[in-house]
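Secondary and tertiary structure notes
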Amino acid sequence: MSAVAVVGAGPVGLTAALAAHAHGLETVLLEARPRLRTRPGSRAIFVHRATLDHLAAIDPALSAEITALGLVWRTRSTLWAGRQVHRRTYPAPSGAAPFTSLPQTLVEDILLRACDAAGIRSLWGDGVRTVTCRPDGVTLRTGEGAVHEASHVIAADGARSTVREQCGITLEGTASATEFVVVDVDASPDPATAARVFHYRHPRAGGRNVLLVPFHGGWRVDVQCRRGDDARQWAATAEQWVPALLPEVSPVTIGWSSVYRFQQRVADRFTDAHGRVLLAGEAAHLLPPFGARGMNSGISDAVAAARAVRDGDTDRYASERRAAAQANVRAAGAALDHLLARRRGQRLRQWAAAAAAPLWPSAGRWLDAAPYGPRMRAVRY
Ligand SMILES: Cc1cc2nc3c(=O)[nH]c(=O)nc-3n(C[C@H](O)[C@H](O)[C@H](O)COP(=O)(O)OP(=O)(O)OC[C@H]3O[C@@H](n4cnc5c(N)ncnc54)[C@H](O)[C@@H]3O)c2cc1C
């Protein structure tokens with residue numbers, strides 16, 4: 001019997017396995033995908049300082065490698081209908097980087113190499129199909145009939161979590177009707193000049209909101225669709241409209257495109273009735289990409305779950321991480337509300353802030369920050 005079986009080798013499961021192993025717990029990692037299959041797209045491109053600190057506590061070399069590979073852009077800029085309303089360039093960090101920006105796939109590669117180096121047993125290409133929870137442990141059965149016994153399970157098997165479903169736990173919440181198109185452009189942004197730019201009502205995107213984010217290996221382009229837009233068609237024809245939004249990149253090579261909605265969902269419980277299965281990451285909560293709360297909060301879950309297993313305190317895990325997820329959902333909801341600006345008063349406030357920004361910098365700062373939702377001071381993702 002393993003002390004811990006981690007289900008799912010995404011960023012959250014890989015971190016959970018590393019954290020559990022670092023606590024001296026015998027750990028096995030179970031993943032449905034074949035080991036060599038590369039996952040498409042950049043997905044989470046922003047690794048927060050808090051996440052780097054979590055990884056450094058497991059192994060300082062992990063955090064250092066991810067930081068060194070990623071890009072730290074220093075300028076934030078916001079435009080309203082093509083006119084700049086906020087721009088700020090931060091000094092180059094003299095100490096620890098405030099964040100680092102790189103594709104999730106590269107973070108996963110680094111975490112997997114660390115798992116291998118630590119000698120963590122990982123089994124690939126055979127997903128968990130059934131879960132039996134008892135007061136003294138958990139039995140997992142895979143699609144190919146393998147049986148794994150574990151004292152505890154950390155379920156990091158993503159949004160469609162089989163483990164969550166087998167435990168009778170449901171996700172509660174909403175998904176926005178508004179769709180967003182996300183595109184990766186292959187490029188090598190210059191860290192000294194690359195800026196994260198948010199456009200309200202971009203004139204070259206038919207007045208739609210557009211977010212441009214540089215990262216190691218490319219640019220992320222997010223377009224907020226309007227009612228009636230065919231988001232899949234936008235994603236499929238990205239090479240036609242992206243060049244107008246990224247004039248500094250030539251030629252434009254599209255690496256990946258997709259469509260998503262703002263999801264704001266949290267599991268009704270974060271553990272099973274016996275406190276033997278702990279949900280983490282997207283198995284436990286779905287959050288939108290804006291604000292970069294998804295992967296970062298999942299990695300916080302992973303670290304807390306491993307600690308809870310070590311300390312035998314899964315109730316505390318369940319209440320603290322669920323509260324953190326709910327706080328993140330509230331922040332995401334505020335961000336979406338701002339982006340959609342459905343009420344006349346909101347539109348007027350945004351318009352007034354854009355008009356006042358040249359004389360009143362705090363109005364520009366507010367426009368710059370609002371699409372990401374309020375900063376979470378009390379909760380570290
Ligand atoms: C288009 C898009 C853009 C995104 N952009 C951002 C962003 O900008 N910022 C951000 O923070 N986040 C972003 N995200 C979200 C981010 O990708 C997720 O938060 C992150 O992948 C969650 O990690 P996870 O490990 O919980 O789940 P996953 O990465 O989904 O990993 C789950 C793993 O479990 C495996 N699995 C599933 N079922 C089983 C089973 N039954 N048995 C064994 N293994 C199983 C899967 O194969 C997978 O490897 C984005 C996501 C998408 C789709």
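Read on for an overview of the structure. Values in this document were obtained by computation on a predicted structure and should not be read as measured data. (Residues numbered from 1 in each chain as written. Predicted model: local features only at pLDDT ≥ 70, side-chain atom pairs only at ≥ 80, totals over all residues. Heavy atoms only, no water.)

1. Some points on the overall build of the protein chain
Of regular secondary structure, the protein chain possesses 11 helices and 17 strands. For 381 residues, the compact-globule estimate of 2.2 N^0.38 gives 21 Å, and the C-alpha radius of gyration of the protein chain, at 21 Å, lies within 12% of that figure. Here the C-alpha coordinates of the protein chain stretch approximately 65 × 40 × 40 Å along the principal axes. By residue count, 56% of the 381 residues in the protein chain fall in the buried class. Pairs at least 24 apart in sequence give 72% of the contacts found in the protein chain among residues at least 6 apart. Surface exposure of the protein chain reaches about 16,600 Å², of which carbon and sulfur atoms provide 51%. If you average the places of the 46 positive and of the 34 negative side-chain charges in the protein chain, the two averages end up 10 Å apart. (Helix = DSSP H or I, 4+ residues; strand = E, 2+ residues; numbered from the N terminus. Rg over C-alpha atoms; globule rule 2.2 N^0.38 Å. Buried < 20%, exposed > 50% of the residue type's maximum accessible area, 1.4 Å probe, protein only. Contact = heavy atoms within 4.5 Å. Areas by Shrake-Rupley, 256 points an atom, 1.4 Å probe, with all protein chains shown as cover. Lys, Arg positive; Asp, Glu negative; His and termini not counted. Charge placed at Lys NZ, Arg CZ, Asp CG, Glu CD.)

2. Details of the site of the ligand
Not every one of the 29 residues close to the ligand is listed here, only the nearest: E31, R33, Q104, V128 and E282. A distance of 2.6 Å is found between an oxygen atom of the ligand and a side-chain nitrogen or oxygen belonging to E31. Between the ligand and M295, the relevant distance is 3.1 Å, taken from an oxygen atom to a main-chain nitrogen or oxygen of the residue. Expressed as a share of its isolated accessible area of 990 Å², the protein-covered part of the ligand is 87%. At the level of secondary structure, the elements contributing two or more residues to the shell around the ligand comprise α1 (11-22) and α8 (294-311). Taken together, the residues of the shell around the ligand break down into 14 nonpolar, eight polar and seven charged. (Near = heavy atom within 4 Å. Polar contact = N/O pair within 3.5 Å; in protein donor to acceptor, adjacent residues only side chain to side chain. Nonpolar A, V, L, I, M, F, W, Y, C, P; charged D, E, K, R; others polar.)

3. Here we look at the packing of helix α10 (residues 344-356) against helix α11 (residues 361-369)
As a packed pair, α10 and α11 sit with axes 7 Å apart at the nearest point and diverge in direction by 130°. Relative to α11, α10 is oriented oblique. Regarding α10 and α11, the two cross each other, and that crossing is left-handed. Touching R349, Q350, A353, A354 and A356 of α10 are A363, W366 and L367, all from α11. (Axes fitted to C-alpha atoms, helices over the stretch in contact; angles between N-to-C directions. Parallel < 35°, antiparallel > 145°, perpendicular 65-115°, else oblique. Left-handed = near helix turned anticlockwise from the far one by under 90°.)

4. A word on helix α7 (residues 238-245)
For α7, the full list of buried residues reads A238, W241, V242 and L245. Viewed along the axis of α7, the buried residues span an arc of 110°, placing them on a single side of the element. Those residues of α7 that are buried are in contact with β11 (171-186), β12 (195-202), β13 (208-215), β14 (218-224), α6 (231-236) and β15 (253-267). (Arc of directions from axis to C-beta.)

5. A closer look at the sheet that holds β11
Spatially, eight strands are ordered β5-β4-β12-β13-β14-β11-β15-β17 in an open sheet, and the strand pairing comes out mixed. Each of the sheet's edge strands pairs with one partner strand only, and the pair in question is β5 (83-89) and β17 (285-286). Bridging between strand β4 (residues 75-80) and β5 involves six bridges; their strand directions are antiparallel. Residue pairing in the sheet places T75 in a bridge with T89 of β5. (Pairing = 2+ DSSP bridges.)

6. Quick notes on α1
End to end, α1 covers 16 Å across 12 residues, agreeing with the expected 16 Å (1.5 Å per residue, within 8%). Most of α1 is tucked away: 10 of the 12 residues are buried. Just downstream of α1 lies G24, where phi reads positive at about 85°. (Expected span 1.5 Å × (residues − 1).)

7. A short note on the pattern of salt bridges
According to the stated counting rule, one finds 20 salt bridges in the structure shown. Here D229 ties to R208 by a salt bridge, and the two come within 2.8 Å at their closest N and O atoms. Of this pair, D229 sits in the loop between β14 and α6 while R208 is found in strand β13, placing the two residues 21 residues apart along the sequence. R208 carries the same exposure label as D229, and that label is buried. We note a salt bridge from E320 to R316, for which the minimum N-O separation is 2.8 Å. On the criterion of helical spacing, the pair formed by E320 and R316 is a turn pair, its members being four residues apart in helix α9 (residues 314-340). With relative accessibility at 43%, the residue E320 sits in the partly exposed group. Sharing partners across several salt bridges, the network here consists of R76, R196 and D368. (Salt bridge = Lys/Arg side-chain N within 4 Å of Asp/Glu carboxyl O.)

8. A word on the pairing of strand β9 (residues 137-142)
Most of β9 is tucked away: five of the six residues are buried. The hairpin turn running from strand β8 (residues 128-134) into β9, its antiparallel successor, is two residues long. Relative to strand β10 (residues 147-155), β9 is paired through four bridges, and the arrangement is antiparallel. Its bridge partner lying in β10, R141 is registered against V147. As consecutive antiparallel partners, β9 and β10 are separated by four residues, and within that stretch G145 has a phi angle of approximately 95°, a positive value.

9. Points about the packing of aromatic side chains
Tallied over the entire structure, the rule returns 11 aromatic pairs. With a centroid separation of 4.5 Å and an interplanar angle of 20°, the aromatic rings of F46 and F99 are classed as stacked. Of this pair, F46 sits in strand β3 (residues 46-48) while F99 sits in strand β6 (residues 99-101), and the two are 53 residues apart along the sequence. Judged by its relative accessible area of 8%, F99 is buried. Summarising the aromatic geometry, the rings of F198 and Y200 are spaced 4.8 Å apart at their centres and angled 90° between planes, so their arrangement reads as edge-to-face. For the pair F198 and Y200, a shared accessibility class is recorded, and that class is buried. Site record: aromatic cluster; members linked through ring pairs are F180, Y260, F262, F290 and Y372. (Phe/Tyr/Trp six-rings, centres within 6.5 Å; stacked < 30°, edge-to-face > 60°.)

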